[in-house]
Amino acid sequence: MRITTLQLRKFRNYEDVSIEFNSGVNVLLGNNAQGKTNLLESIYVLALTKSHRTANNKELISWHNDYAQLKGVIKKHLGNVNLEIDLGKKGKKAKVNYLEQAKLSSYIGNLNVILFAPEDLSIVKGSPSVRRKFMDTEFSQISSQYLYNTTQYKKILKQRNNYLKKIQYSGKKDEIYLEVISKQLANFGSKIIFQRLNLLKKLENWAKSIHSEISQNMEELTFKYLTSVELKNLPSKERIYEMLLASLMQNQDKEIHQGTTLYGPHRDDVQFLIDKRNVQTFGSQGQQRTTALSLKLSEIDLMKEETGEYPILLLDDVLSELDDGRQTHLLNAIQNKVQTFITTTSLNGMTKDLAEKPAIFNINNGKLSKNN
C-alpha cells in the first residue's frame, strides 16, 4: 500500500498543494510550526476520517474558510483507489473512487496508517483509556466488523448509562427494558472482547520477536488483557457473553447508585510485561521506549498478516526521542517494507541507516519544495 499523490485545499496552514511521494521513505524537513505535523495529520485524516490531534473538525479548516478538502491516490495490489474527505459546516463526507460512503465501515480500511509520535509512549505509561483507544483505532482498520461492533457498543452504552441515571433520579426501574438493553450491550461487548483477545495474541507474537531482537535476547515481552470476565483457556464468544451479562445483571444496584455501566470492554485494559513485570510500573524509561517501539513495529506485520497489505508509517518527530540503537533498529526495520513519512528539523545522522536515498521535502509555512 502506497500513497502516490496527496492534494490539500484549505487544510490547516496548507492553502492549495499537490504532492507526489516516494514509494519508500519521505522526509518532511523544516523548523517547528511550519506544517510538518499538519501534513502527517492530513494523511491520518484521509485514512481514518478523523484527526489524532483534535475532535473538532473546524480546527482542520484553515482560517477564514468554511471548508477543507483532502484527496489521495492509493496504490494497492489490486489497483489504485481514490480517496476524498470533504470538511465543511454540515460535517464531513468520505468518498471512495468518487462515491460518497454512507458508513464509516465501508471507508475505513482503504488506507491503513500507523502513527508513531513521542506521545505514543503514553500507550505504555498512560491510563487504560489510552490503551483502549490504541486497540480500537488499530483494530478498526484491520476489521470492519470490529469497527461496527465498537460503534454499536458505544451507542447502546450511552443509552444504558442514560437509563441508569434516570433510575437514579426517579427511583423507577423497568426490569424488562434494563434486561433487554443489558443483553444488547453484552452481545456487542462480548464480540469486542473476543476480537481484542485474538488480535492482541497475534500482535504479541510479532512484538515479542521484535522486542527480543532489540534487547539482544535479554528480555521477553508479553501482553495481558484485563477484563471483568474470566479468561482462562480463551473462552468462546458465547461464554464471554454469558459472563458479561451475568456481571451486568448481578451488579445493577451498584451501577444505578453510580449512574454508569461498570462492566464491559469500555473498562478493560491491557498490560505490557517484560519478564512478567508490568512495564508501566516497574520498567525503566528505556524499557518503556523499547516496548512502545516494539508495539508500533509489530502493528506493521499484523496489518500485513490480516489485510494482505502493508500500512503506511507516519513518524512524527519520533527519531529525536530514540537513542541511536533504537533509531537504527527502527530505520532498518522499515526499509524496502513500508512507505514511511518522517518529520524532522534536522537530517543530522538520520540518513546513515537508510540504504536507499529518501525523498526530502522542505516545508516552510505551508509551502513545500522537494530536494533534488
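Scroll up a little and you will see the structure.
The rules behind each value
- Residues numbered from 1 in each chain as written.
- Predicted model: local features only at pLDDT ≥ 70, side-chain atom pairs only at ≥ 80, totals over all residues.
- Heavy atoms only, no water.
- Helix = DSSP H or I, 4+ residues; strand = E, 2+ residues; numbered from the N terminus.
- Buried < 20%, exposed > 50% of the residue type's maximum accessible area, 1.4 Å probe, protein only.
- Salt bridge = Lys/Arg side-chain N within 4 Å of Asp/Glu carboxyl O.
- Pairing = 2+ DSSP bridges.
- Polar contact = N/O pair within 3.5 Å; in protein donor to acceptor, adjacent residues only side chain to side chain.
- Contact = heavy atoms within 4.5 Å.

Colleague: Can you help me understand unusual backbone geometry in this one?
Modeller: Note on backbone geometry: most residues besides glycine have negative phi, and most peptide bonds are trans. For T49, which is not a glycine, the phi torsion comes out positive at approximately 65 degrees. Along the chain, the position of T49 falls in the loop between α1 (36-48) and β4 (68-76). For T49, a relative accessible area of 4% corresponds to the buried category. Phi angles above zero are rare outside glycine, and D275 is one such case at about 50 degrees. Mapped onto the elements, D275 comes out in the loop between β10 (269-274) and β11 (277-278).

Colleague: Can you walk me through the pattern of salt bridges in this structure?
Modeller: Opposite charge on two side chains lets them pair, provided their charged atoms get close. If you walk through the whole model with that rule in mind, you get 17 salt bridges. In this structure, the salt-bridge partner of D136 is R196, at a minimum N-O distance of 3.1 Å. Taken together, the residues span a long stretch of sequence, with D136 in helix α3 (residues 128-142) and R196 in helix α5 (residues 175-214) at a distance of 60 residues. Owing to a relative accessible area of 17%, D136 belongs among the buried residues under this scheme. Ionic contacts of the salt-bridge type, sharing partners, join the residues R12, E41 and R53 into one network.

Colleague: I tried to follow the pairing of strand β1 (residues 2-11) on my own but got confused; where do I start?
Modeller: Each regular strand shows side chains that alternate between the opposite faces of the sheet. Here 7 bridges tie β1 to β4, and the two strands are oriented antiparallel to one another. Across the sheet, the residue bridging to I3 is I74, located in β4. Pairing geometry for β1 and strand β2 (residues 14-20), over 6 bridges, is antiparallel. Residue R9 lies in a different strand from β2, and its bridge partner there is D16. With antiparallel pairing between neighbouring strands as the criterion, β1 and β2 make up a hairpin whose turn holds 2 residues, including R12 at a positive phi of roughly 50 degrees.

Colleague: Help me understand the sheet that holds strand β9 (residues 221-226), please; the structure alone is not making it clear to me.
Modeller: In sheet architecture, strand pairing relies on hydrogen bonds along the backbone and comes in two forms, parallel and antiparallel. Strand order in the open sheet made by the 3 strands is β9-β10-β11, with antiparallel pairing throughout. Each end of this open sheet is capped by a strand with a single partner; those strands are β9 and β11. Both β10 and β11 contribute to a ladder of 2 bridges, which runs antiparallel. Bridge pairing links I274 to R277 in β11.

Colleague: Just to check I follow, could you spell out the pairing of strand β15 (residues 367-370) for this structure?
Modeller: Judged from the 4 bridges that link them, strand β14 (residues 359-364) and β15 form a sheet pairing that is antiparallel. Along β15, the bridge assignment pairs F361 with K370. Counted between consecutive antiparallel strands, the loop separating β14 from β15 contains 2 residues, among which N365 sits at a positive phi close to 55 degrees.

Colleague: Looking at this structure, I do not really get the side chain of N161. What am I missing?
Modeller: With respect to the secondary-structure elements, N161 resides in helix α4 (residues 144-170). Accessibility expressed as a relative area gives 13% for N161, which makes it buried. For N161, the side chain forms a polar contact with the main-chain nitrogen of T261, separated by 2.7 Å. Every residue in contact with N161, bar those within four places of it in the chain, is listed here: G259, T260 and T261.

Without other data, these values stay purely geometric and don't point to any function.
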